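Coordinates in review
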Amino acid sequence: MIVASKAITLGLVAGFVGGLFGVGGGIIMVPGLVLWLEFGQHRAHATSVATIIAVAAAGVVSFATDGEVRWDYAGWMLIGAIAGAYVGARFVARISAVWLARGFVVVTFAAALRFLVSS
Amino acid sequence: MTALVLLLVGTSAGSLGAALGIGGGIIYVPALVTLFSLTQHEAQGTSLAIIVPTMIVATIVHSRAGRTEWRVAALLGLGAVVGGFLGAQAALAMEASTLRKMFGVLLVITALRMLRKTRRATQPTND
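If you're wondering where the values come from, they're calculated on a predicted model, not measured in any experiment.

1. Thoughts on the interface of chain B and chain A
Counting residues at the interface gives 91 residues for chain B and 86 residues for chain A. Secondary structure elements with two or more residues in the side of chain B that touches chain A: helix 1 (2-20), helix 2 (25-36), helix 3 (40-64), helix 4 (70-92) and helix 5 (96-115) of chain B. With 21 residues, helix 3 of chain B is the largest single contributor of residues to the side of chain B that touches chain A. Of the residues assigned to the side of chain B that touches chain A, the class counts are 51 nonpolar, 32 polar and eight charged.

The following block contains the structure:
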């Protein structure tokens, strides 16, 4: 029962952040599962990915009805993203997570700078 | 050319998202705003549209490998549907410039969190 209420609460919070920023909510979901529900990293990733489907599906309806989805851009990105997601999930154990994380940090800091300076 | 860049961004974000357990939107949104000049709202809506099918693919792979805890996922999903809808409504009610600044802060927090993972692991994190 405690696990159930914890899980629903985590879903609600992660879902809100995911819908608000259009990112899915894994940023909250993964650490939430690890720290609060005592999941291991790989199980947390796998379970988070499944729940992000629910967040994105619920969120995209609102954006689509407001005409805020650019389907022309989504189509091309989707082709690459599906291939990438398959490779990423399939070979998750073999890819150097350290180097992925390094690349990610550099790109994210650069993007953050642009967002905060030019807006 | 645009199509090629979109393909490349999609591939890298898709693999990063699946491997690091992040949705990929943290990459799609800034890429769509900075490289293709979409508005903040368009970028977020488009990002969510891409996330649905990519996460379905990733989930199938993870689930086959036996890593998905479906009982917990169902409960999380219950809250997530409500949270996702409310979050999207809140975003649509906001000014683009406010949302953009908040997104910038989110990027900084995410990058700082990810910094911990840039060192070689000293203890095994696999389960």
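2. Side note on helix 4 of chain B
Taking 1.5 Å of rise per residue, the 23 residues of helix 4 of chain B would be expected to cover 33 Å, and the 31 Å separating its terminal C-alpha atoms lies within 8% of that figure. Its maximal kink placed at B:A80, helix 4 of chain B deviates by approximately 25°.

3. Focus on the packing of helix 2 (residues 26-35) of chain A against helix 3 (residues 41-65) of chain A
Residue and element names in this part refer to chain A. The N-to-C vectors of helix 2 and helix 3 enclose an angle of 140°; their axes lie 9 Å apart at closest approach. With respect to helix 3, the element helix 2 is oriented oblique. As helix 2 runs across helix 3, the sense of the crossing is right-handed. Residues G26, M29, V30, L33 and V34 of helix 2 lie in contact with helix 3, whose contacting residues are Q41, A44, H45, T47, S48, T51 and I52. Of the residues in the contact of helix 2 with helix 3, the class split is six nonpolar, six polar and no charged.

4. What to know about the packing of helix 1 (residues 2-21) of chain A against helix 3 of chain A
Residues and elements named next belong to chain A. For the pair helix 1 and helix 3, interaxial distance at closest approach is 9 Å and the crossing angle is 50°. Judged by the angle between their axes, helix 1 and helix 3 are oblique. The crossing of helix 1 and helix 3 is right-handed. Contacts between helix 1 and helix 3 involve G11, G15, G18 and G19 from the first element and T51, I52, V55, A58 and G59 from the second. Of the residues that constitute the contact of helix 1 with helix 3, the class distribution is three nonpolar, six polar and no charged.

5. Topic: the nonpolar core
The biggest cluster of nonpolar side chains holds 76 residues, and the ones touching the most others in it are A:A56 and A:M77. If you tally residues by element for this core, the top one is helix 3 of chain A, at 13 residues. For this core, the domains that each give at least three residues are domain 1 (1-69) and domain 2 (71-119) of chain A. Setting aside its immediate chain neighbours within four residues, A:A56 contacts A:G24, B:L48, B:I51, B:V52, B:M55 and B:G84.

6. Re helix 1 of chain A
Spanning 20 residues, helix 1 of chain A covers 29 Å between terminal C-alpha atoms, matching the ideal 28 Å at 1.5 Å per step. Among all positions of helix 1 of chain A, only A:A7, A:L10, A:G11, A:A14, A:G15, A:F16, A:V17, A:G18, A:G19, A:L20 and A:F21 are buried. At its buried positions, helix 1 of chain A is contacted by helix 2 and helix 3 of chain A together with helix 3, helix 4 and helix 5 of chain B. Where helix 1 of chain A ends, the next residue or the one after it, A:G22, has phi of about 65°, a positive value.

7. What about the environment of A:V17?
Mapped onto the elements, A:V17 comes out in helix 1. Those residues in contact with A:V17 that lie beyond four places of it in its chain are A:G25, A:I28 and B:G87.

8. Brief notes about the domain arrangement of chain A
Annotation of chain A at the domain level lists domain 1 (1-69) and domain 2 (71-119). Spacing between the C-alpha centres of domain 1 of chain A and domain 2 of chain A amounts to 18 Å.

9. Some remarks on the environment of B:T118
As for its placement among the helices and strands, B:T118 is situated in the segment after helix 5. A residue is classified by how many C-beta atoms lie within 10 Å of it, and B:T118, with 16 of them, is partly exposed. In contact with B:T118, not counting residues within four places along its chain, are A:V98, A:A101, A:R102 and A:V105.

Reading the values: rules and limits
Residues numbered from 1 in each chain as written. Chains lettered and ligands numbered in written order. Predicted model: local features only at pLDDT ≥ 70, side-chain atom pairs only at ≥ 80, totals over all residues. Contact = placed C-beta atoms within 7 Å. Helix = DSSP H or I, 4+ residues; strand = E, 2+ residues; numbered from the N terminus. Nonpolar A, V, L, I, M, F, W, Y, C, P; charged D, E, K, R; others polar. Expected span 1.5 Å × (residues − 1). Bend = angle between axes of the 7 residues up to and from the residue. Axes fitted to C-alpha atoms, helices over the stretch in contact; angles between N-to-C directions. Parallel < 35°, antiparallel > 145°, perpendicular 65-115°, else oblique. Left-handed = near helix turned anticlockwise from the far one by under 90°. Core = buried A, V, L, I, M, F, W, Y, C linked by C-beta atoms within 7 Å. Buried ≥ 20, exposed ≤ 12 C-beta atoms within 10 Å, placed from the backbone. Domains from an automatic or database assignment.

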